[in-house]
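Coordinate inspection notes
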Amino acid sequence: MKVTHALHYGNGNTQYLPVSRGRPSARPPRWILILVCLVCVSLIGAYVYPPRRYSACYFFSSRVCSPIMDWLPPIARELTDDEIASQVVIKEILSTPLVQPKNPKIAFMFLTPGSLPFEKLWEIFFLGHEGKFSIYVHASREKPIHVSPLFIGRDIRSAKVVWGKISMVEAEKRLLANALQDPGNQHFVLLSDSCIPLHKFNYVYDYLMGTNISFIDSFWDPGAHGNARYTEHMLPEIEEKDFRKGSQWFSMKRQHALIVMADNLYFTKFKLYCKPGFDGRNCYADEHYLPTLFTMIDPTGIANWSVTWVDWSEGKWHPKSYRAMDVKYELLKNITVTILCSLGLLSPICHMHSLLGYYIQSVVKILNSLFLILCLQSVGDNFHTTSDEKKVVTLTPCLWNGMRRPCYLFARKFLPEALDSLMQLFSNNTVI
């Protein structure tokens, strides 16, 4: 729309000029500005004060909640001199083919406070297989009295071991150091004084020597007994995303045993910062050091389960102990089955947050009724349970060279009084 503007000259004449009216400047609607402000405030609030229930699922930090993070390239961190040196040594060990001896042996390493109550049982296990095994005994409190000739002279120099302290890992490394001196030892099994074999020697030998992986337990536990034990003092070498938990009782190949002996960088981190009471946390190095180390350096080289069965069904600080009256053939034969059936069924698996919770609970009731039947067929399954409020159970098959096999070769915790019952079982049965 055009309008006119009058110009008055001094001679009395007046001229009218057309003038175009300019468009008013465009401004965004006020509601858009308010919406943008609210979104910004929400994002900042979610980042600074993440909800406790969903700490693993909030803005900026979760791959689950922010799939776009998967498309972004990882931010490379400059490695320290110690990390570079460590990586060079580890890569060299893993890439160098080992010279295979004519008669490879398994090193059985016993970590015990004193005498071994099941020496006679182990003697039955070992007899007739000389040249295929070595024995090493670390007695931390008192010199053991041996009742089997196979164990005489097999004690190593030992030191005091305190439960939950780094001295436990140091004792494991001491056993490995002694066993590695024999080039014939190609596999290394850590056992306690309360451990027993579940199979005959030939089965165990073929199981361990017939594969190229180490049986080191390792899993992610976001709960109080898992990643809540992590401390940022372990940075930059160990990040929380790499922190793992697992059973102390390992079985590892020679290359991995050499890496444990060569490692000083990561071991020092756990020695300094993973201990009871540090930084308000109760961290136990024997449950975290090896799982974290091998998750970082060779995750595909470990099985993520231990071949030593332990019963944690009582939910205490220490596993269940079996007395003489508990020892029956059915217990040993079905030990990998009963552990699945004592998990409290499947309800922890389906503890989820969503509007579908009601329908999920209905499905769980149906699954629970089927689980008692299905678990009897799950002989080759391994499980982990998180220690958070969700108690999520992860069930994975135990694959040996791609084939499903029983998970466990050894078991604990058996009291000394069970010796006679165990001796009778092993004498009367060709295979447990």
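First, a word on scope: everything that follows refers to the structure included in this document. Please read these numbers as outputs of a predicted model, since none were measured by experiment.

Each value, and the rule that gives it
- Residues numbered from 1 in each chain as written.
- Predicted model: local features only at pLDDT ≥ 70, side-chain atom pairs only at ≥ 80, totals over all residues.
- Heavy atoms only, no water.
- Helix = DSSP H or I, 4+ residues; strand = E, 2+ residues; numbered from the N terminus.
- Buried < 20%, exposed > 50% of the residue type's maximum accessible area, 1.4 Å probe, protein only.
- Contact = heavy atoms within 4.5 Å.
- Areas by Shrake-Rupley, 256 points an atom, 1.4 Å probe, with all protein chains shown as cover.
- Core = buried A, V, L, I, M, F, W, Y, C linked by side-chain atoms within 4.5 Å.
- Salt bridge = Lys/Arg side-chain N within 4 Å of Asp/Glu carboxyl O.
- Pairing = 2+ DSSP bridges.
- Polar contact = N/O pair within 3.5 Å; in protein donor to acceptor, adjacent residues only side chain to side chain.
- Phe/Tyr/Trp six-rings, centres within 6.5 Å; stacked < 30°, edge-to-face > 60°.
- Axes fitted to C-alpha atoms, helices over the stretch in contact; angles between N-to-C directions.
- Parallel < 35°, antiparallel > 145°, perpendicular 65-115°, else oblique.
- Left-handed = near helix turned anticlockwise from the far one by under 90°.
- Nonpolar A, V, L, I, M, F, W, Y, C, P; charged D, E, K, R; others polar.
- Arc of directions from axis to C-beta.

This part covers the overall build of the chain. Broken down by element type, the chain carries 12 helices and 15 strands. Residues classed as buried in the chain amount to 43% of the 432 residues present. Contacts in the chain between residues at least 24 apart in sequence constitute 75% of all its contacts with a sequence separation of at least 6. Accessible surface, the chain as shown: approximately 24,500 Å² in total, 59% of it carbon and sulfur.

The next point concerns the nonpolar core. Core analysis: the largest hydrophobic core is formed by 47 residues, its most contacted members being Phe108, Trp122 and Phe414. At the level of elements, β3 (105-112), α3 (119-126), β4 (133-139), β5 (185-192), α5 (201-209), α9 (329-333), β15 (410-412) and α12 (419-428) are the ones that each hand at least two residues to this core. Residue contributions to this core peak at 5 residues, all from α5. Leu190, Leu265, Tyr266 and Cys274 belong to the second largest nonpolar core, which has 43 residues in total.

Another aspect to go through is the pattern of salt bridges. By the definition in use, this model includes 11 salt bridges. Between arginine 77 and glutamate 83 there is a salt bridge; the shortest N-O distance is 2.8 Å. Here arginine 77 falls in the partly exposed class, since its relative accessible area comes to 34%. Looking at glutamate 83, the relative accessible area reads 3%, which means it is buried.

This part covers unusual backbone geometry. Omega for the peptide link from leucine 235 to proline 236 comes to 0 degrees, which places this bond in the cis form. The residue proline 236 is located in the loop between α5 and β7 (251-253) in this model. In this structure, lysine 413 follows arginine 412 across a cis peptide bond, with omega equal to 25 degrees. Here lysine 413 shows up in the loop between β15 and α12. In this structure, lysine 391 is a non-glycine residue whose phi angle is positive, near 50 degrees. Relative to the helices and strands, lysine 391 resides in the loop between β11 (381-385) and β12 (393-397).

β3 sits mainly inside the fold: 8 of its 8 residues count as buried. Side chains Lys105, Ala107, Met109 and Leu111 project from β3 onto one buried face, and the interleaved Ile106, Phe108, Phe110 and Thr112 project onto a second face that is buried too. In this structure, β3 lies alongside β5, joined through 7 bridges in parallel fashion. Among the inter-strand pairings, methionine 109 is bridged to a residue of β5, identified as leucine 190. Here 7 bridges tie β3 to β4, and the two strands are oriented parallel to one another. Each bridged residue has a counterpart across the sheet, and for methionine 109 the counterpart in β4 is tyrosine 136.

Here serine 167 shows up in helix α4 (residues 167-180). Separated by 2.9 Å, the side chain of serine 167 and the backbone nitrogen of valine 162 make a polar contact. Beyond its immediate stretch of four places on either side in the chain, serine 167 contacts Lys160, Val161 and Val162.

In total, this model carries 29 aromatic pairs according to the counting rule given. Note on phenylalanine 108 and phenylalanine 126: the rings are 5.0 Å apart at their centroids and 75 degrees apart in plane angle, and the pair reads as edge-to-face. Linking phenylalanine 108 in strand β3 with phenylalanine 126 in helix α3, this pair joins segments that are 18 residues apart in sequence. The pair phenylalanine 108 / phenylalanine 126 is uniform in exposure class, with both members buried.

Glancing now at the packing of helix α6 (residues 254-262) against helix α8 (residues 285-297). Two measures define how a pair of helices packs: the angle their axes make with one another and the distance between the axes. Packing of α6 against α8 brings their axes to within 12 Å, and their N-to-C directions diverge by 110 degrees. It follows that α6 is roughly perpendicular to α8 by the angle criterion. Listed contacts from α8 to His256, Ile259 and Val260 of α6 are Tyr289, Leu290, Phe294 and Ile297.

On to the packing of α4 against α6. Contact geometry of α4 with α6 gives a least axis separation of 10 Å together with a crossing angle of 125 degrees. One way to sum up the angle between α4 and α6 is to call them oblique. As α4 runs across α6, the sense of the crossing is left-handed. For the pair α4 and α6, the contacting residues are Lys173, Leu176, Ala177 and Leu180 in the first and Arg254, Ala257, Leu258, Val260 and Met261 in the second. When grouped by side-chain class, the residues that make up the contact of α4 with α6 number 7 nonpolar, no polar and 2 charged.

Burial in α12 covers these residues: Leu419, Leu422, Leu425 and Phe426. The buried residues of α12 occupy one face: seen down the axis, they fall within an arc of 130 degrees. Opposite the packed face of α12, turned more than 90 degrees from it, sit the exposed residues Asp420, Gln424, Ser427 and Asn428. Tucked inside the fold, the buried residues of α12 contact α3, β6 (196-197) and α9.

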